[in-house]
Amino acid sequence: MKVAFITGITGQDGSYLAELLLEKGYIVWGIIRRSSSINTSRIDHIFSNSNLILRYGDLSDGSCLLEILCDIKNKYPDMERLEVYNLGAMSHVKVSFEIPEYTADIDAVGTLRILNAIRSSGLQDKTRFYQASTSELYGKVVEVPQTEKTPFYPRSPYGVAKLYGFWITKNYREAYNMFSCSSILFNHESPRRAHNFVTRKVTIGLGKILRGENDKLVMGNLDSKRDWGHAKDYVYGIWLTMQQDEPDDFVLSTNEYHSVREFIEKAFALRGFDLAWKGEGLNEIGYDKNSGRELIFVSDKYFRPAEVDELLGDSTKARTVLGWKPEITFEQLVQEMVDHDCSV
């Protein structure tokens, strides 16, 4: 019997991981947060699967996490192994500057709560724990590309909180001999990415322009470079990380990066726009060379208080040890997101 417990199951990564695990025959438990609006759209299509069990819960509530783990233990007394995937987080970098205490409570202490709940439930010897870490740990990068050995220098409350989550996972592995591991995940996108992340903001904005709902797209830093892959590829790497004989930490990345400007250009080109640029800084404008129409504008309200200029991963270790590599190219990713968001 394969049993998994996913925090963040209603998010981009959680929904793809739930699909993958259900396909592999797992019984999948997940927690959803109580909200006045429906927040389960990413998993609506698997609601009727009898192997999916959803409970209300929150990473801020340790007693709730403990109760769920005890319920799993009691329901499956012959269970040989439980896989716990901590994908839940307050994951928006810029927003983390506005709610830093909440970010720390969920992303840092929330990780600790799950680890302690695993121990308190008596499931420590049967449980494998996974922590979703982030390339934002590198922040003000000290070397390019970044590997598992690159020093961390986070530049946001989100990055700092995630750094705690990474180190407490490693600490519990060494202190209590727990199977606890992390992936340092570089940026990964999909049509399920939340609307206020930069890639989705671009494709949704393009769709609104095409439908006449808006006449421009306003962006922040156009020159930030990110190592962008597809979330489907990354959740497969997450699963592989948990199937190893010994727990370890791996960078998951495509090993190539692209600027926000390049993402915009490729997305708009797929719908017939040939973008060129004029002006500098906050006065820079992207316009269509065919029509002269001004489409892209810059506003400092979307700048971070502390910028991260470039993130480029080196996933050699994951490719060698896990046998993992991304299958979906940057161009295919942009195409899929544009096709999803730009129906007219």
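Residues numbered from 1 in each chain as written. Predicted model: local features only at pLDDT ≥ 70, side-chain atom pairs only at ≥ 80, totals over all residues. Heavy atoms only, no water.

Mind showing me how you'd approach the state of the cysteines here?
Every disulfide links exactly two cysteines, by a covalent bond between their sulfur atoms. One pass over the full model with this rule turns up 0 disulfides. For the unlinked cysteine Cys 64, the closest cysteine sulfur is that of Cys 70, found at 11 Å. A residue is classified by how much of its surface remains accessible, and Cys 64, at 12% relative accessible area, is buried. (Disulfide = S-S within 2.5 Å. Buried < 20%, exposed > 50% of the residue type's maximum accessible area, 1.4 Å probe, protein only.)

Help me understand the pattern of salt bridges, please; the structure alone is not making it clear to me.
A side chain with one charge can pair with a side chain of the opposite charge if their charged atoms come near. This structure, assessed with the given rule, holds 19 salt bridges. The partner of Lys 266 in a salt bridge is Glu 331, with the nearest N and O atoms 3.8 Å apart. Of the two residues, Lys 266 sits in helix H8 (residues 260-269) while Glu 331 sits in helix H10 (residues 330-341), which places them 65 residues apart along the sequence. For Lys 266, a relative accessible area of 28% gives the class partly exposed. Overall, the relative accessible area of 42% leaves Glu 331 in the partly exposed class. A salt bridge links Lys 278 to Glu 294, with the shortest nitrogen-to-oxygen separation between them at 2.8 Å. One end of the pair, Lys 278, is in strand E13 (residues 275-278); the other, Glu 294, is in strand E15 (residues 294-298), and 16 residues separate them in sequence. (Salt bridge = Lys/Arg side-chain N within 4 Å of Asp/Glu carboxyl O. Helix = DSSP H or I, 4+ residues; strand = E, 2+ residues; numbered from the N terminus.)

How should H10 be read in this particular structure?
In this model H10 runs 17 Å from its N-terminal to its C-terminal C-alpha over 12 residues, within 8% of the 16 Å that 1.5 Å per residue would give. When H10 is considered as a whole, its buried residues turn out to be Phe 330, Leu 333, Val 334, Met 337, Val 338 and Asp 341. When H10 is viewed along its axis, its buried side chains cluster within an angular range of 125° and face the same direction. (Expected span 1.5 Å × (residues − 1). Arc of directions from axis to C-beta.)

What is the right way to read the layout of surface pockets from this model?
Take a probe with the size of a water molecule and roll it over the atoms, and the empty space left behind shows itself. By volume, the second largest pocket is sized at about 170 Å³. Lining of the second largest pocket is provided by Arg 81, Gln 124, Asp 125, Lys 126, Thr 127, Arg 128, Arg 173, Asn 177, Met 178, Phe 179 and Pro 247. Its residues placed into classes, the lining of the second largest pocket shows 3 nonpolar, 3 polar and 5 charged. (1 Å grid on protein atoms, 1.4 Å probe; cavity = no way out; pocket = protein on both sides within 12 Å on 5 of 7 lines; lining within 4 Å. Points joined across faces, edges and corners; volume = space filled by probe spheres on them. Nonpolar A, V, L, I, M, F, W, Y, C, P; charged D, E, K, R; others polar.)

Quick question: what am I supposed to make of unusual backbone geometry here?
Backbone phi values are negative for most residues with the exception of glycine, while trans is the configuration of most peptide bonds. For the peptide bond that leads from Val 144 to Pro 145, omega is 0°, which places it in the cis range. Within the secondary structure, Pro 145 sits in the loop between strand E5 (127-134) and helix H5 (157-176). Even without being glycine, Asn 177 reaches a positive phi, approximately 55°. Here Asn 177 lies in the loop between H5 and strand E6 (179-185). For Asn 255, which is not glycine, the phi dihedral falls at a positive 70°. Classification of Asn 255 as partly exposed rests on a relative accessible area of 30%.

Before we go on, may I ask you to explain the side chain of Asp 314 in this structure?
Locating Asp 314 in the fold gives a position in the loop between E15 and helix H9 (316-321). In terms of polar contacts, Asp 314 uses its side chain to reach the side chain of Thr 316, at 2.5 Å. In contact with Asp 314, not counting residues within four places along its chain, are Pro 145, Gln 146, Thr 147, Glu 148, Val 251, Ser 253 and Asn 255. (Polar contact = N/O pair within 3.5 Å; in protein donor to acceptor, adjacent residues only side chain to side chain. Contact = heavy atoms within 4.5 Å.)

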